[in-house]
Amino acid sequence: TGVQTCALPIYEGELPWMRARHFFEENWRVSAMADALGLRDSDRYMQLMNESGRSSENLLKNIETPECGDALARGLALSASLLEGRGAWRVHGGGFAGSVQALMPEEYFERYREKMDGAFGAESCQRIHIRAKGVGTVLA
């Protein structure tokens, strides 16, 4: 009759609702994080980053993958025990064999690196540098 049908996946349970909640709350959080950066309010930024990470972990359920098993969950738990009250941590790139992104005062980094490398192998923990100038334009 010329009518084509498409079988859409049917999701049972709460996961779709949880993921939608994360999506809408995360949109608000990104705006609040940008405001915190503009005000140079690092405490508020890190609080929101931690909220974002917990939401990603608990609502998206994106920290365990067939490739990495529970390594992200272990990295997040270790980060929490090392940085609670002194920094921020979250999954970055979850669901795709992601990594833990952590912000902390400089004086905590060497101990953090030592513990993370001890848990996940030498050079698992890498220092990232954030340039002073924000987003730029690349001209071809």
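The structure reproduced in this document is the subject of the present report. Nothing here was measured: the structure is a model prediction, and the numbers come from that model.

Observations regarding helix α2 (residues 42–60)
The periodicity of an α-helix, 3.6 residues per turn, causes residues three or four positions apart to be oriented the same way.
Inference 1: When the terminal C-alpha atoms of α2 are compared, their 25 Å separation across 19 residues agrees well with the 27 Å that a helix rising 1.5 Å per residue should span.
Inference 2: Among the residues of α2, M46, L48, M49, N50, S52, G53, S55, S56, L59 and L60 are the ones counted as buried.
Inference 3: Two residues or fewer past α2, K61 is found with a positive phi of approximately 55°.

Points about unusual backbone geometry
For residues that are not glycine, phi is negative in most cases, and the peptide bond is trans in most cases.
Inference 1: In this structure, R40 is a non-glycine residue whose phi angle is positive, near 60°.
Inference 2: Within the secondary structure, R40 sits in the loop between α1 (15–38) and α2.
Inference 3: The residue E123 is not glycine, and still its phi comes out positive at about 65°.

Some remarks on the pattern of salt bridges
Inference 1: Throughout the structure, instances matching the rule amount to seven salt bridges.
Inference 2: Between R29 and E26 there is a salt bridge whose closest N-O contact spans 2.8 Å. Note that R29 and E26 are positioned in helix α1 at a spacing of three residues, about one turn of the helix. Taken as a pair, R29 and E26 share a single burial class, namely buried.
Inference 3: Each of E106, E110, R113 and R127 takes part in a single network of salt bridges with overlapping partners.

Points about the nonpolar core
Inference 1: Counting twelve residues, the largest nonpolar core is built from I63, L72, L76, L82, L83, W89, V91, M104, F109, Y112, M116 and C125.
Inference 2: If you list the elements that add at least two residues to this core, you get α3 (71–83), β1 (88–92) and α4 (109–120).
Inference 3: In terms of residue count, the dominant contributor to this core is α3 (four residues).
Inference 4: Grouped together as the second largest cluster of nonpolar side chains are six residues, A32, M46, M49 and A88 included.

A look at the packing of aromatic side chains
Inference 1: Considering all chains together, one arrives at one aromatic pair under this definition.
Inference 2: On the basis of an interplanar angle of 85° and a centroid distance of 5.1 Å, the ring pair of F23 and F24 is categorised as edge-to-face.
Inference 3: Judged by its relative accessible area of 46%, F23 falls in the partly exposed class.
Inference 4: The exposure class assigned to F24 is exposed, which follows from its relative accessible area of 59%.

The rules behind each value
Residues numbered from 1 in each chain as written. Predicted model: local features only at pLDDT ≥ 70, side-chain atom pairs only at ≥ 80, totals over all residues. Heavy atoms only, no water. Helix = DSSP H or I, 4+ residues; strand = E, 2+ residues; numbered from the N terminus. Expected span 1.5 Å × (residues − 1). Buried < 20%, exposed > 50% of the residue type's maximum accessible area, 1.4 Å probe, protein only. Salt bridge = Lys/Arg side-chain N within 4 Å of Asp/Glu carboxyl O. Core = buried A, V, L, I, M, F, W, Y, C linked by side-chain atoms within 4.5 Å. Phe/Tyr/Trp six-rings, centres within 6.5 Å; stacked < 30°, edge-to-face > 60°.

These results come straight from atomic positions and should not be treated as a statement about function.
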